[in-house]
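The lines below spell out each chain.
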Amino acid sequence: MGLIQREIEQRGIPTISVTINRTLTEAVRPPRALFLRWPFGHPFGDPGAREQQMTVLKEALRALLTMTQPGTLVDLPYKWRRQVYAGLPESIRLDAGPR
Amino acid sequence: MRPSFLTWLFSHVPWLAERWAAHYEGVKSADVPWTPLRKPLAQCRVALVTTAGVHLTDQPPFDMKDKQGDPSFRELPPTLEPGRWTITHDYYDHRDALADVNIVLPLDRLRELAAAGEIGEVAPRHFSFMGHIDGPHIPELTGRTAPQVAGLLQADRVDAAVLAPA
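Cut-offs and rules
- Residues numbered from 1 in each chain as written.
- Chains lettered and ligands numbered in written order.
- Predicted model: local features only at pLDDT ≥ 70, side-chain atom pairs only at ≥ 80, totals over all residues.
- Heavy atoms only, no water.
- Phe/Tyr/Trp six-rings, centres within 6.5 Å; stacked < 30°, edge-to-face > 60°.
- Buried < 20%, exposed > 50% of the residue type's maximum accessible area, 1.4 Å probe, protein only.
- Lys NZ or Arg CZ within 6 Å of the ring centre and 35° of its normal.
- Salt bridge = Lys/Arg side-chain N within 4 Å of Asp/Glu carboxyl O.
- Helix = DSSP H or I, 4+ residues; strand = E, 2+ residues; numbered from the N terminus.
- Core = buried A, V, L, I, M, F, W, Y, C linked by side-chain atoms within 4.5 Å.
- Contact = heavy atoms within 4.5 Å.
- Buried area = accessible area lost by both parts, 1.4 Å probe.
- Polar contact = N/O pair within 3.5 Å; in protein donor to acceptor, adjacent residues only side chain to side chain.
- Nonpolar A, V, L, I, M, F, W, Y, C, P; charged D, E, K, R; others polar.
- Pairing = 2+ DSSP bridges.

Colleague: Outline the packing of aromatic side chains, listing residues and values.
Modeller: Under the definition given, this model contains four aromatic pairs over all chains. Where Y78 of chain A meets Y85 of chain A, the ring centres are 6.1 Å apart and the plane angle is 55°; that geometry is what we call tilted. For Y78 of chain A, a relative accessible area of 11% puts it in the buried group. Judged by its relative accessible area of 8%, Y85 of chain A falls in the buried class. A connected cluster of aromatic rings, assembled from ring pairs, spans F73, F127 and F129 of chain B. A cation sits over an aromatic face here: R22 of chain A above F35 of chain A, 5.8 Å from the ring centre. Over the face of the ring belonging to F62 of chain B we find R74 of chain B, whose NZ or CZ atom lies 4.3 Å from the ring centre.

Colleague: I'd like to hear about the pattern of salt bridges, residue by residue, with values.
Modeller: Oppositely charged side chains may form a pair once their charged atoms are brought near each other. Tallying each qualifying case throughout the model produces 17 salt bridges over all chains. In this structure, the salt-bridge partner of R81 of chain A is D46 of chain A, at a minimum N-O distance of 2.8 Å. Of this pair, R81 of chain A sits in the loop between β3 (72–75) and α4 (88–91) while D46 of chain A sits in the loop between β2 (32–35) and α3 (50–66), placing them 35 residues apart in sequence. In this structure, K58 of chain A and E118 of chain B form a salt bridge, with 3.0 Å as the shortest nitrogen-oxygen distance. Taken together, the residues span two chains, with K58 of chain A in helix α3 and E118 of chain B in the loop between α4 (107–115) and β5 (121–122). The class of E118 of chain B is partly exposed, set by a relative accessible area of 25%. Three or more residues are tied together by salt bridges with common partners; here these are R22, E26 and D75 of chain A.

Colleague: Summarise the nonpolar core; cite the residues concerned and give the values.
Modeller: One finds L61 of chain A together with V54, L80, V104, L105 and V162 of chain B to be the most contacted residues of the largest nonpolar core, which totals 51 residues. Those elements giving two or more residues to this core turn out to be β1 (15–19) and α3 of chain A together with β1 (45–50), β2 (54–56), β4 (85–87), α4 and β7 (160–164) of chain B. No other element matches α3 of chain A, which puts eight residues into this core. For V162 of chain B, the residues in contact, after removing those within four places along its chain, are I16, F44, L57, A60 and L61 of chain A together with V46, A47, L48 and V49 of chain B. Counting 22 residues, the second largest nonpolar core, distinct from the first, contains V28 of chain A together with V149, A150 and L163 of chain B.

Colleague: Describe the interface of chain B and chain A, with residues and values.
Modeller: The interface of chain B with chain A comprises 59 residues on the first partner and 54 residues on the second. Across the chain B to chain A interface the summed buried area is about 5100 Å²; carbon plus sulfur atoms make up 70%. For the chain B face of the interface with chain A, the top three residues by lost area are W34, I103 and L163 of chain B, together amounting to 14%. Across the chain B-chain A interface, the total number found is two salt bridges. Our count for the contact surface shared by chain B and chain A stands at 17 residue pairs in polar contact (both at pLDDT 80 or more). Looking at the side of chain B that touches chain A, the elements that each hand over two or more residues are α1 (5–12), α2 (14–22), β1, α3 (95–99), α4, α5 (137–155) and β7 of chain B. Ranked by residues supplied to the side of chain B that touches chain A, first place goes to α5 of chain B with nine residues. Considered class by class, the residues forming the side of chain B that touches chain A number 41 nonpolar, seven polar and eleven charged. Note that β1 of chain A and β7 of chain B share three bridges and pair parallel. If you follow T15 of chain A over to β7 of chain B, its bridge partner there is A161 of chain B.

Colleague: A description of unusual backbone geometry should follow, citing residues and the corresponding values.
Modeller: One non-glycine residue, R29 of chain A, lies in positive phi territory at about 55°. Counting through the fold element by element, R29 of chain A comes out in the loop between α2 (22–28) and β2. A relative accessible area of 32% places R29 of chain A in the partly exposed class. One non-glycine residue with positive phi stands out, namely R157 of chain B, at about 55°. Here R157 of chain B lies in the loop between α5 and β7. We classify R157 of chain B as exposed; its relative accessible area is 65%.

Colleague: How would you summarise the environment of F129 of chain B if you had to cite specific residues and measurements?
Modeller: Residue and element names in this part refer to chain B. Take F129: it is sitting in strand β6 (residues 126–129). What makes F129 buried here is its relative accessible area of 0%. Considered as a pair, F129 and L141 are twelve residues apart in the sequence and their alpha carbons are 9.8 Å apart.

Following this line, the structure appears as structure tokens:
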């Protein structure tokens, strides 16, 4: 995935990826990535967990605004299950301008 | 649809997958490409790219017989109609993703963000790969199919892409 990401970024489109395999992402070095220590097959969360999915998607979009160094890899603080997601998506603001 | 033992292993013993990745020498990179975001997100057309093996039922499935994977991709519409899509990917347990594709490809969530005005719009097409790629398929991915997808995203005048694995 990081390899695909690099090719897209190289051709002038800003990219962000969500990863659940930190070692692989460290090796591939995509431009921007968010790491979650979550089970394989669940990068945006659980089936039907709308707020959990929205939290990760909004974090990804916000990273396009906040990350400024090529190769930035940030660990998201969210726990897989023991986390209250209600209200979290609303707290993630996407309305800052691009720098 | 039952996951294989390898699938189970990678899903339940994360350090095994991490160790596999540590030996994945073919992909180590030095320099990092960079393109800054050019406009506010509220004006951006956003596309999703998944490596979770999602495809439409009338598209050819990903090749599961080749041990080194399948570097090809499938174009997806912005809305996946129930019964018109599936997942072909033997290397992860995709039963949950079949129950709700948004856990690997959050098109519904992206549409909600567009409706709320938080992003400009959802791109007219999205792209799907099968993320288990090795050997000679790596240069085919980086030299051919990934650049093709980049070209299609450019043609669609996409402003930002969000990628996610299985």
